[in-house]
Amino acid sequence: MPPKKRTPQNKEIKQNTLDNSNGKSPINVDDSVISPSKHKDKDGDFVELCNKLQVTNSLCNHAWSIWKKVSDSIDKLPDSTTKEWAACLFVAVIDLDVSILGFTDAQKAAGLNVKQFLEVLRNLDVNIDIISSKVNTAVGRLEKKYDVSLALYQKFDKIWHDIYSQASDAQSTEIFKSIWTMFLLAKGSFLQMEDDLVISFQLLVCVLEFFIKRISPSLLKPQYNTKVTPTRSSRRNQTKAKQRPPELNEALLEVLCKENECSLDEVKNLYETVFCRFLESSGVLKIQDLPTFEELSLKYEDTVHKTKDFDGRLFFNSQEQSHQEKAIPQVECTPKKSLSLEPPLVVPQTPVRATLYSVQQLKVSLTSASDQPSEILMTYFKNCTVNPTEGIIRRAERLGEQFSQAFTQVVGSGCSGHANQRFALGVRLYYRVMESLLKSEEKRLSVQNFSKLLNDSTFHSSLLACALEVVMATYGSGLATDTDLSFPWLLGVFQLHGFDFYKVIESFIKAEPSLNRDIVKHLERCEHMIIETIAWRTNSPLFELLQQAEDSRPEPAEPPAVLHHPPQHSHTAADLYLSPMRPGTRPLPAPSQERSPPSSTAPQPPTAATAAATSSQPPAHTSRPPRSNSLSHFYKKLYRVAYLRLKKLCTPLLSDHPELEPIIWTLLQHTLKDEYDLLRDRHLDQLLMSAMYAICKVKFVDLRFKTIVTAYKELPNTNQETFKHVLISEGKYDSIIVFYNMVFMQKLKTNILQYASSRLPTLSPIPHIPRSPYKMPNSPLRVPGSSNVYVSPMKNCASPMTPRSRILISIGESFGNSERFQKINEMVKSSEWTLKRRADGAGGPKPLKRLRFDMDGQDEPDSSKPSGGSALIQKLTEMNSTRSRMQEQKMKEEAELMREEVSTSAEKNE
């Protein structure tokens, strides 16, 4: 039953290259420079490469051991293995945590560009346990940093051509290289997190200002040369021991920020707090005139050597430049509203421009919002039994201080201003969404006293964290890379449980219609991360709810019998925070009566009208224990996420054995419901892959863990840590193979073996998979039966609802003139006439009655009239019904045609 590789009963748990408990390397380290005579057991060319790079004996030994694992795991070695050897050496550098060999040194030795060399590093991991999780993390960070640097370089190259009148001459090229190298120096010296795209770009703008104001105005294009006044260095100042930073040219900086859609206030703050400190410490101010590329390069090389980082000057190389166009895809931006009837052009944007545009749009959307509770919110607060105003404001101030402190620790000590600005945006969004939520709850419940909800500290922390997560994601929207500030970083800052944060996500999205598609997808991904792993951390309140449910023996969080049914309704955030426990809807019979047939006097489910009256009377029978709204809601989503992940894995791996999918799902569903403690400090996908392997094993289907893992890596939003770094026992981690053998199989052996029989136990039904509640139609929906009529939900329409809109009308507002409405009628009639012609000419559905907006219920099959709504909405409903009938009619006619063909064929054969 266990996999062939690494039987745990005969082998101790393997530690990763670095011991996870104490961080010390178990490898014997020989720091002496390599001596070829000590490495006669290795390939001569490999030893020669190590000698050329001047590595140590221990590094050579460790790199060779990695290569042996790689070569043993592949069927055929390549003709030249130099690039793989160079990659093994760099992996050994990370494992041993030494600075002997930098990334660029290894990359150049391999003869590859950065992306190609990173790909070789990824491909080394042909088995689960060759590359350590520490290496995966380091390589991932390098790749993210490279993507950010490349995006910034592309943007800088474009800006430079907009600034310099002759951007391709020798003098311009020299200055161009100097600016970029100084930026790399400043970024590496004073930004602890270098993959924040917005702050890094703002620093680049500061460097541009420093250089441009020292360039002769005659070499600049018109919008810049008028802002520059030639300045001469004072020799008296040059003799002083300490040089003062140069004065900021605000007019020039304003032009740079305006041309690049950058926040002037944020750039000025960064200039004063970060860039000036860099100028003082780097010695640049002591250099007469402009610092040269050679002078700056000497300083930068020391930084590259110490950090083992890639060399940011590599973009000057033609090989990297040819790779740039493929490396960073262009980002499309929603076009601005066009008054013409022609479709507006969708202009491709660079990641930097897309990010700055998203930030600007967020700021515009929050212009009317306040950083203090509105009058409407204050009214809600005053209606509470206990006024929460003071607590809400104090809590926001306290969390703001925590956020600023944590932000500067990650990004850099001079970035507190950026932290305050981002938090201020989050607070505005927080108050606006809170107001929207309360209005919705008032309408739903017909109450105005929300004292319990508004005095719930966890609710407010979660709502503010969600608003701030939107802001943070917007600032990082240009590149789809995780940074140190990415979710779940905010949970740690606010000391918030993921399960509590999860409760507010769905309601937040529905309450804030201005969220763009990327941000909605980001919040949905946050929810999935919580469901998959964050909610299962040891200190999570989820386990307390599960324990309470187990102790009181209620019905399962998601009864297997109704998994296939759609949810009756979506619980709001108020539901999940205010009433985590709800009374059961039916009583349980007393133990002595469980096997008795029901009688006419058996207790009936209480109705809402009698609930209050019966609550004070002693129950005649044991009632069903309370059931948790939040737990039930969570498990519904857990099952759907789990099944969708399983289906994505089964499709490529078990297409020849479709009968195994429901069996695997039954085992997985049983594990999640009855053995949920296996998820403690683990990942949902670890149980999923283990369940798949177990069922294939007992059904004698040849599916190895290596194959499962290979397919798993191709799924979106997966991480190699999931199968490389699995909790085995307290403080000890290993690969998923060891987890399966030592934990999963031992716990579920009896349950797994029952699926080996030809008589299978009852299989769990497949969970209902509804449309995601987060796929809100930001784009218009096409009216059925028409190719040119679309309907969108009403919003603050600052841009067209579709790039190809011809006519835009908002129901409930003035049409402007009757001609526009007549055009819509003509378009609908035209589409109906097209359907008729197609039906007559192609033998399709028979012509239908003409649909008209002024005749309600014209085409209802039972002559019933749709309830409520405008004539337009009613007619859209009719169109949908008509489309369905057309499809059914077409299917019937095709079936009749097939029967006729079969009958004709049979007659011919006779």
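Residues numbered from 1 in each chain as written. Predicted model: local features only at pLDDT ≥ 70, side-chain atom pairs only at ≥ 80, totals over all residues. Heavy atoms only, no water.

What about the overall build of the protein?
Here is step 1: Looking only at helices and strands, the protein features 34 helices and eight strands.
Here is step 2: With 910 residues in all, the protein has 47% of them scored as buried.
Here is step 3: Summed over all atoms, the accessible surface of the protein reaches about 46,500 Å², with 50% contributed by carbon and sulfur. (Helix = DSSP H or I, 4+ residues; strand = E, 2+ residues; numbered from the N terminus. Buried < 20%, exposed > 50% of the residue type's maximum accessible area, 1.4 Å probe, protein only. Areas by Shrake-Rupley, 256 points an atom, 1.4 Å probe, with all protein chains shown as cover.)

Some details on the packing of aromatic side chains
For any two aromatic rings, the description comes down to two numbers: the centre-to-centre distance and the angle of the planes.
Here is step 1: Taken as a whole, this structure holds 47 aromatic pairs when the rule is applied.
Here is step 2: Aromatic pair Phe156 and Phe176: ring centres 4.5 Å apart, planes at 15°, arrangement stacked. Pair noted here: Phe156 is in helix α6 (residues 133-163) and Phe176 is in helix α7 (residues 170-190), with a separation of 20 residues, a long-range link. Accessibility assignment for this pair places Phe156 and Phe176 in one class, buried.
Here is step 3: Seen from the ring of Phe210, Arg214 lies directly overhead, with NZ or CZ sitting 4.0 Å from the centre.
Here is step 4: The cationic tip of Arg680 hangs over the ring face of Phe543; the distance from NZ or CZ to the ring centre is 3.9 Å. (Phe/Tyr/Trp six-rings, centres within 6.5 Å; stacked < 30°, edge-to-face > 60°. Lys NZ or Arg CZ within 6 Å of the ring centre and 35° of its normal.)

Considering helix α32 (residues 736-753)
Here is step 1: Its 18 residues give α32 an end-to-end C-alpha distance of only 20 Å, which falls more than 12% under 26 Å, the value for a rise of 1.5 Å per residue.
Here is step 2: Of all bends in α32, the biggest is about 60°, found at Met745.
Here is step 3: Within α32 the residues assigned to the buried category are Ile736, Ile737, Val738, Phe739, Tyr740, Asn741, Val743, Phe744, Met745, Leu748, Asn751 and Ile752.
Here is step 4: Of the surrounding secondary structure, the elements contacted by the buried residues of α32 are α28 (660-674), α29 (684-698), α30 (705-713), α31 (721-724), β5 (726-729) and β6 (732-734). (Expected span 1.5 Å × (residues − 1). Bend = angle between axes of the 7 residues up to and from the residue. Contact = heavy atoms within 4.5 Å.)

A word on the nonpolar core
Here is step 1: In terms of nonpolar packing, the biggest core is built from 240 residues, with Phe403 and Phe494 touching the most fellow members.
Here is step 2: The residues touching Phe403, leaving out its near neighbours within four places in the chain, are Ala419, Phe423, Leu468, Met472, Trp489, Leu490, Val493 and Phe494. (Core = buried A, V, L, I, M, F, W, Y, C linked by side-chain atoms within 4.5 Å.)

Concerning unusual backbone geometry
Here is step 1: Each neighbour pair has its own omega, and for Phe487 with Pro488 the value is 10°, a cis peptide bond.
Here is step 2: Mapped onto the elements of the fold, Pro488 is located in the loop between α20 (457-475) and α21 (489-494).
Here is step 3: Even without glycine at this site, Asp681 takes up a positive phi of about 60°.
Here is step 4: Looking at the secondary structure, you find Asp681 in the loop between α28 and α29.
Here is step 5: Positive phi, normally seen in glycine, also occurs at Asn717, with a value near 55°.
Here is step 6: The residue Asn717 is located in the loop between α30 and α31 in this model.
Here is step 7: On the basis of relative accessibility, which here comes to 53%, the residue Asn717 falls in the exposed class.

Remarks on the environment of Asp147
Here is step 1: Tracing the backbone through its elements, the reader meets Asp147 in helix α6.
Here is step 2: Within polar-contact distance, the side chain of Asp147 engages the side chain of Lys115 at 3.0 Å. (Polar contact = N/O pair within 3.5 Å; in protein donor to acceptor, adjacent residues only side chain to side chain.)

Section: the confidence of the model for the protein
Here is step 1: Chain-level pLDDT for the protein is 76 on average; 67% of the residues reach the 70-or-more range.
Here is step 2: Counted against residues more than four places away or in other chains, residues 4-26, with its pLDDT under 50, gives 41 contacts.
Here is step 3: Low pLDDT, under 50, characterises residues 322-348; the predicted model gives this stretch 53 contacts beyond four residues in sequence or across chains. (pLDDT = per-residue confidence, 0-100.)

Points about the packing of helix α22 (residues 498-511) against helix α23 (residues 517-532)
Here is step 1: Viewed as axis vectors pointing N to C, α22 and α23 meet at an angle of 150°, and their least axial separation amounts to 10 Å. Here α22 is positioned roughly antiparallel relative to α23, judged by the angle of their axes. Relative to α23, the crossing made by α22 is left-handed. Where α22 approaches α23, its residues Gly498, Phe499, Phe501, Tyr502, Ile505, Phe508 and Ile509 are matched on the opposing element by Val520, Leu523, Glu527, Ile530 and Ile531. (Axes fitted to C-alpha atoms, helices over the stretch in contact; angles between N-to-C directions. Parallel < 35°, antiparallel > 145°, perpendicular 65-115°, else oblique. Left-handed = near helix turned anticlockwise from the far one by under 90°.)

Section: the state of the cysteines
Here is step 1: Scanning all chains against the criterion turns up zero disulfides.
Here is step 2: Cysteine Cys206 is unpaired, with the sulfur of Cys257 as its nearest cysteine sulfur at 8.0 Å.
Here is step 3: Under the relative-accessibility criterion, Cys206 is labelled buried at 0%.
Here is step 4: The cysteine Cys466 is free of any disulfide, with Cys526 supplying the nearest cysteine sulfur at 7.8 Å. (Disulfide = S-S within 2.5 Å.)

A short note on the environment of Asp311
Here is step 1: By the element assignment, Asp311 lies in the loop between α13 (293-307) and α14 (318-327).
Here is step 2: A residue is classified by how much of its surface remains accessible, and Asp311, at 10% relative accessible area, is buried.
Here is step 3: A sequence separation of 207 residues divides Asp311 from Thr104, and the C-alpha atoms of the two residues are 6.0 Å apart.
Here is step 4: The residues touching Asp311, leaving out its near neighbours within four places in the chain, are Thr104, Tyr300 and Val304.

Thoughts on the pattern of salt bridges
Note on pairing: side chains with opposite charge can pair once their charged atoms come close.
Here is step 1: Applying the stated criterion across every chain, the model contains 30 salt bridges.
Here is step 2: Among the charged side chains, a salt-bridge network with shared partners connects Lys115, Arg122, Glu143 and Asp147. (Salt bridge = Lys/Arg side-chain N within 4 Å of Asp/Glu carboxyl O.)

Digging into the packing of α29 against α30
Here is step 1: At a closest axis distance of 10 Å, the pairing of α29 and α30 adopts a crossing angle of 135°. With respect to each other, α29 and α30 are oriented oblique. For α29 against α30, the interelement crossing comes out right-handed. Of the residues in α30, those in contact with Asp685, Met689, Ser690, Met692 and Tyr693 of α29 are Phe705, Ile708 and Tyr712.
Here is step 2: Its residues assigned to classes, the contact of α29 with α30 comprises six nonpolar, one polar and one charged. (Nonpolar A, V, L, I, M, F, W, Y, C, P; charged D, E, K, R; others polar.)

Digging into α13
Here is step 1: For α13, which comprises 15 residues, the first-to-last C-alpha distance of 21 Å matches the rise-based estimate of 21 Å (1.5 Å per residue) to within 8%.
Here is step 2: For α13, the complete set of buried residues consists of Phe293, Leu296, Ser297, Tyr300 and Val304.
Here is step 3: Looking at the buried residues of α13, the elements they touch are α7 and α8 (197-212).

Concerning the environment of Asp196
Here is step 1: Relative to the assigned elements, Asp196 resides in the loop between α7 and α8.
Here is step 2: Through-space distance from the C-alpha of Asp196 to that of Asp482 is 9.8 Å; in sequence the pair is 286 residues apart.
Here is step 3: Look past the residues within four positions of Asp196 in its chain and what remains in contact with it is Arg422 and Leu485.
Here is step 4: A distance of 3.2 Å separates the side chain of Asp196 from the backbone nitrogen of Val198, its partner in a polar contact.
Here is step 5: A polar contact of 3.4 Å, which involves the side chain of Asp196, links it to the side chain of Arg422.

Regarding the pairing of β5
Here is step 1: Here β5 runs beside β6; their pairing, made up of three bridges, is antiparallel. Note on β6: the bridge partner recorded for Leu727 is Tyr733.
Here is step 2: The turn joining β5 and β6, which pair antiparallel and follow one another in sequence, is formed by two residues; a positive phi near 75° is taken by Gly731. (Pairing = 2+ DSSP bridges.)

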